[in-house]
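Residue strings, one per chain:
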Amino acid sequence: MSVELEPEQSGLGHGFVPFPADRAAEYRRAGYWLGRPLASILDVAASKWPQRPAIIDTDRTYTFAELDAVAHRVAAALADLGINPGDRVLLQLPNTTQFAVALFGLLRAGAVPVMCLPGHRAAELGHFAEVSGAVGLVIPDRATGFDYRAMATRLTQSHPGLRHVIVDGDPGSFVSLSALADFVVSPDAPNPPRGTVDAALPALLLVSGGTTGMPKLIPRTHDDYLYNATGCAQACQLRADDVYLVALPAGHNFPLACPGMLGAMTVGATTVFTADPSPESAFALINRHGVTATALVNALAKLWAQACDWEPVRPKSLRLLQVGGSRMAADEAHYLRKMLTPGLQQVFGMAEGMLNFTRPGDPVQIIEHTQGRPMSPHDELRVVDENGGDVAPGDEGELLVRGPYTLNGYYRADHANAESFCPDGFFRTGDRVRIFADGPLAGHVEVTGRIKDVIHRGGETVSASEVQEHLLGHPAISSVAAVAVPDQYLGEKICAAVVFSGQQVNLAELNQYLDGRGVAAHSRPDMLVAMASLPTTAVGKVDKKRIVAQIGAQ
Ligand code: OOB
């Protein structure tokens, strides 16, 4: 059910936690925040490099000038439909140029896109609509066998606030995106309110990658997100002659702005979209367009690396391969460098803001053994113990962060915010890390697991990632997730959900192997479930919630 909010409660600013004035002033002084709208990325690119190709997919290419013009028409059409500045609109398009057309159209109209992923379904979209108070939804007609219009029909019934449904493709009874793109802007019509936005307010809402409960909404301001894109492009040394491939879902922070499409645009580089990230299709695209940079999650990167053994073409032009989203072991990093490109970059980031990168040209040891260092000199990182006190330098603990592009509160989520933020504004990431204190890795972050991703077995607290790492060492195992399963005697027992690469191994043999590696008895699996593949989240990370549900159902 949707709840109609009173007008003063329905505004964009309601339930948004701004940056505190003193830190905002500091970020402006430091030159990170420019007071410009996020869409100014396109204004600038269109005036500096009008004829360069901006975005490409299998159907179409738009130069920056063409993208600028179509975004202007879409924005005017959206205003004409009655979408007002500050209105939230759910944006759920697959990886095509139309994603960029709709995104910039919405931004130019002053609307605030909610960046849904194509894998989200009515449950998530209904939740996003409800929390954000969205007035519209942008979807494809069909994609990967799913009928988005049927979903939209049901959603608009349960959420009557969703007054506008805009469809890329056959619109049926809804509004056509291509009709908006052909809108004739009358010369005396009021120009959509470009340039009039308050850069300290949210430009868009990202969805959290959290694995417990429904995703939360993350407000990213014009100031902070523009800096995010620009700062990442610099950290990755992106240049005008780069070609960036969007292989992960385009609405995810990583391919959107780390540096992603938006970062590519800040330097005049070209973005290529693909909705098919399989090695066969992606390698062909990379070679056709001379793709130099892309971002992948670990599982996809590993698949690409393995595919080099059987695909006739290899991705030759890649010079920057960003991999992030979950923990990567050093030998995996080594393998990716060997098979795909020495230009591997580890990225430890989050939709909430803070990003860490290894940098091009870093020593191999840093690239293979760490998840990088902060993007901004003004990122503040603390590592704390369970009482909230700072650990000794180099020790492990929970990472707390604050900085010029990290949120200060989830959108309209007072309850979650009370738990997730310290009184001085630090965000509790829930990630377990160490920051190397000295030696060649000094200042670099290693992610060791999630604070809550532990199994309480008997009196012991077992780190799931530690169990996984040991199991991955076994030659018969290609991927694994260690999850907790309720147990009458132990409280929880350890279940290893395993994908075997060839021959299967039984639990006794596995535990013998772990014993040989010196793994404590209480950290060895009590249960083994073989799976054809591990279920994944909308962005392609291992989805432990679903694994637990599947094991329960069995
Ligand atoms: C990225 O963003 P989200 O919001 O989907 O997920 C964030 C979480 C982090 O809190 C951490 O738990 C995990 O994903 N994570 C990593 C990691 N990168 C992300 N854990 C271990 N090692 C890494 N390298 O996943 C994301 C956003 C922007 C850039 C890159 C990734």
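What you see is a predicted model; the values in this text were computed from it and never measured.

Among the 5 residues of strand β17 (residues 353–357), 5 are classified as buried, and the element is accordingly described as predominantly covered. Pairing analysis gives 4 bridges linking strand β16 (residues 344–350) to β17, with the strands arranged antiparallel. Among the inter-strand pairings, M350 is bridged to a residue of β17, identified as G353. In this antiparallel pair of consecutive strands, β16 and β17, the connection spans 2 residues.

For the pair helix α13 (residues 298–307) and helix α14 (residues 330–339), interaxial distance at closest approach is 9 Å and the crossing angle is 45°. The orientation of α13 relative to α14 falls into the category oblique. Here the hand of the crossing between α13 and α14 comes out left-handed. Between α13 and α14, the contacting residues are N298, A301, K302, A305 and Q306 on the first element and E332, Y335, L336 and M339 on the second. Residue classes in the contact of α13 with α14 are distributed as 5 nonpolar, 2 polar and 2 charged.

Looking at the ligand, there are 19 residues lining it, with G325, V347, A351, D431 and K541 nearest. H252 places a polar side-chain atom, nitrogen or oxygen, 2.9 Å from an oxygen atom of the ligand. Between the ligand and the protein, one listed contact pairs a nitrogen atom with a backbone N or O atom of V347 at 2.8 Å. Surface burial for the ligand is 92%, taken as the share of its 600 Å² of free accessible area covered by protein chains. Looking at the shell around the ligand, its residues break down into 8 nonpolar, 7 polar and 4 charged.

Of all hydrophobic cores here, the largest spans 125 residues; its most connected members are L67, F99, F104, L256, M261, L262 and W304. Split by domain, the residues of this core number at least three in each of domain 1 (7–52 + 61–222) and domain 2 (225–450). Beyond its immediate chain neighbours, meaning those up to four positions away, L262 contacts L38, I41, F104, Y225, A229, L256 and A257. Of all hydrophobic cores here, the second largest spans 24 residues; its members include V112, Y148, V167 and L217.

This part takes up the pattern of salt bridges. Applying the stated criterion to the full structure yields 20 salt bridges. In this structure, R402 and E380 form a salt bridge, with 3.0 Å as the shortest nitrogen-oxygen distance. Pair noted here: R402 is in strand β20 (residues 396–402) and E380 is in strand β19 (residues 380–384), with a separation of 22 residues, a long-range link. Under the relative-accessibility criterion, E380 is labelled partly exposed at 28%. Each of E396, R432, R434 and E446 takes part in one network of salt bridges that share partners.

With that out of the way, let us pick up helix α4 (residues 64–81). Look at α4: 25 Å from first C-alpha to last across 18 residues, which is about the 26 Å you get at 1.5 Å a residue. Taken residue by residue, α4 has F64, L67, D68, V70, A71, V74, A75, A76, A77 and L78 as its buried positions. Just downstream of α4 lies G82, where phi reads positive at about 110°.

What follows is about the domain arrangement of the chain. As assigned here, the chain comprises domain 1 (7–52 + 61–222), domain 2 (225–450) and domain 3 (454–553). Each of domain 1 and domain 2 has a C-alpha centre, and the two are 24 Å apart. Facing the 53 residues of domain 1 at the interface are 46 residues of domain 2. Taking both partners together, domain 1 and domain 2 bury about 4000 Å²; carbon and sulfur atoms supply 65% of that area. Together, Y32, N95 and R220 form the three largest contributors to the area buried by domain 1 at its contact with domain 2, with a combined 19%.

Reading the values: the criteria
Residues numbered from 1 in each chain as written. Predicted model: local features only at pLDDT ≥ 70, side-chain atom pairs only at ≥ 80, totals over all residues. Heavy atoms only, no water. Buried < 20%, exposed > 50% of the residue type's maximum accessible area, 1.4 Å probe, protein only. Helix = DSSP H or I, 4+ residues; strand = E, 2+ residues; numbered from the N terminus. Pairing = 2+ DSSP bridges. Axes fitted to C-alpha atoms, helices over the stretch in contact; angles between N-to-C directions. Parallel < 35°, antiparallel > 145°, perpendicular 65-115°, else oblique. Left-handed = near helix turned anticlockwise from the far one by under 90°. Contact = heavy atoms within 4.5 Å. Nonpolar A, V, L, I, M, F, W, Y, C, P; charged D, E, K, R; others polar. Near = heavy atom within 4 Å. Polar contact = N/O pair within 3.5 Å; in protein donor to acceptor, adjacent residues only side chain to side chain. Areas by Shrake-Rupley, 256 points an atom, 1.4 Å probe, with all protein chains shown as cover. Core = buried A, V, L, I, M, F, W, Y, C linked by side-chain atoms within 4.5 Å. Domains from an automatic or database assignment. Salt bridge = Lys/Arg side-chain N within 4 Å of Asp/Glu carboxyl O. Expected span 1.5 Å × (residues − 1). Buried area = accessible area lost by both parts, 1.4 Å probe.

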